[in-house]
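# Descriptive structure summary
Here are the chains, one letter per residue:
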Amino acid sequence: MFGKKKKNSRSKTDKQNSGSMKLLERVLYGNVVSTEFFSRHWIKVFLVVIIAMIFISTKYQCMTAMEQIKDLQKGLNVARTESVRERSTYMSRIRESAMKELVDTILPGLAVPEHPAYILNLNPSPDSNTDNENKE
C-alpha cells in the first residue's frame, strides 16, 4: 500500500510540474489570454485600464501633495521660530527703553557705557609683563 501512494504522489508532482511548465510556456509566448477574449471583452478591458490609470494618477497627485504639505509645514515651523525670536528681541528692546526712561526720570544723565568695563589685574603675572613689552 505504501509503495502505491508514493508512486501516486510522484506522479501528481510530475503532473503539477508539467502543468506549471506549460503555464510558464504559455505566459512567455503570450498565449495566456487569447485574442478572442480581447475581441469579446474589449470594453471591459478598456474600462479596467482607464480605472487603473486614474488610480495611479490620483495616487501620484496625492503623494506630491503630501510632500508639498510637509515642505510647507517645515517652512511654517521656521517662520514660527523666527517670529518667536523677533518677538523676544522686540520685547527686550521695549524693556530696555522702559528702564532707560525710568532711570532718566530718577537720575537724569545716567547712561549705559559704550564700551564694556575693563578688568584690572592688581597682581600681574611675570609672563604678562613680557608679553606687553614685546607688543610695544
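How each quantity is defined
- Along each chain, numbering runs from 1 in the same order as the chain's sequence is written.
- Two thresholds apply to this predicted model, a pLDDT of at least 70 for residue-level local features and 80 or more for giving and counting side-chain atom pairs, whereas whole-chain, interface and lining totals are computed over all residues.
- The basis for every side-chain value is the complete set of non-hydrogen atoms in the structure, without hydrogens or water.
- A run of H or I in DSSP counts as a helix once it spans at least four residues, and a run of E counts as a strand once it spans at least two, with each numbered from the N terminus.
- For each residue, the accessible area found with a 1.4 Å probe, counting protein chains only, is set against the maximum for its type, and the residue is called buried under 20%, exposed over 50%, and partly exposed in between.
- Accessibility throughout is a Shrake-Rupley quantity obtained with a 1.4 Å probe, and a residue counts as covered only by protein chains that appear here.
- By definition here, a salt bridge exists when the distance from a side-chain nitrogen of Lys or Arg to a carboxyl oxygen of Asp or Glu is within 4 Å.
- The quantity called pLDDT is the predictor's confidence in a given residue, expressed from 0 to 100.
- For patch detection, residues must exceed 30% relative accessible area and be free of salt bridges, and they are connected within 9 Å for like charges or within 5 Å for nonpolar side chains (Val, Leu, Ile, Met, Phe, Trp, Tyr).
- A pair of Phe, Tyr and Trp rings is counted when the ring centres sit within 6.5 Å of each other, with Trp represented by its six-membered ring. The angle between the planes then sorts it: under 30 degrees is stacked, over 60 is edge-to-face, the rest tilted.

## A closer look at the overall build of the chain
Tallying secondary structure elements over the chain gives four helices and zero strands in all. Along the chain, from the amino end to the carboxyl end, the secondary structure elements read α-α-α-α. For the chain, with 136 residues in total, the buried portion stands at 0%. Of the accessible surface of the chain, which amounts to about 13,800 Å², a share of 62% is contributed by carbon and sulfur atoms.

## Quick notes on the pattern of salt bridges
Evaluated as defined, the whole model comprises three salt bridges. The partner of Glu-96 in a salt bridge is Lys-100, and the shortest N-O contact between them spans 3.6 Å. Taken as a pair, Glu-96 and Lys-100 lie in helix H3 (residues 42-106) at a separation of four residues, close to a single helical turn. One network of salt bridges, with partners in common, ties together Glu-82, Arg-85 and Glu-86.

## Examining the confidence of the model for the chain
Scored by pLDDT, the chain has a mean of 81; 79% of the residues are at 70 or more. The element-level mean pLDDT for the chain is lowest in helix H4 (residues 126-135), coming to 55, with H3 highest at 95.

## Here we look at a nonpolar patch on the surface
Together, Trp-42, Ile-43, Phe-46, Leu-47, Val-49, Ile-50, Ile-51, Met-53 and Ile-54 line one region of the surface with nonpolar side chains, adding up to about 920 Å² of accessible area. Relative to the assigned elements, Phe-46 resides in helix H3.

## Focus: the packing of aromatic side chains
As enumerated under the stated definition, the model contains one aromatic pair in all. With a centroid separation of 5.7 Å and an interplanar angle of 75 degrees, the aromatic rings of Phe-37 and Phe-38 are classed as edge-to-face. Note on Phe-37: relative accessible area 35%, which makes it partly exposed.

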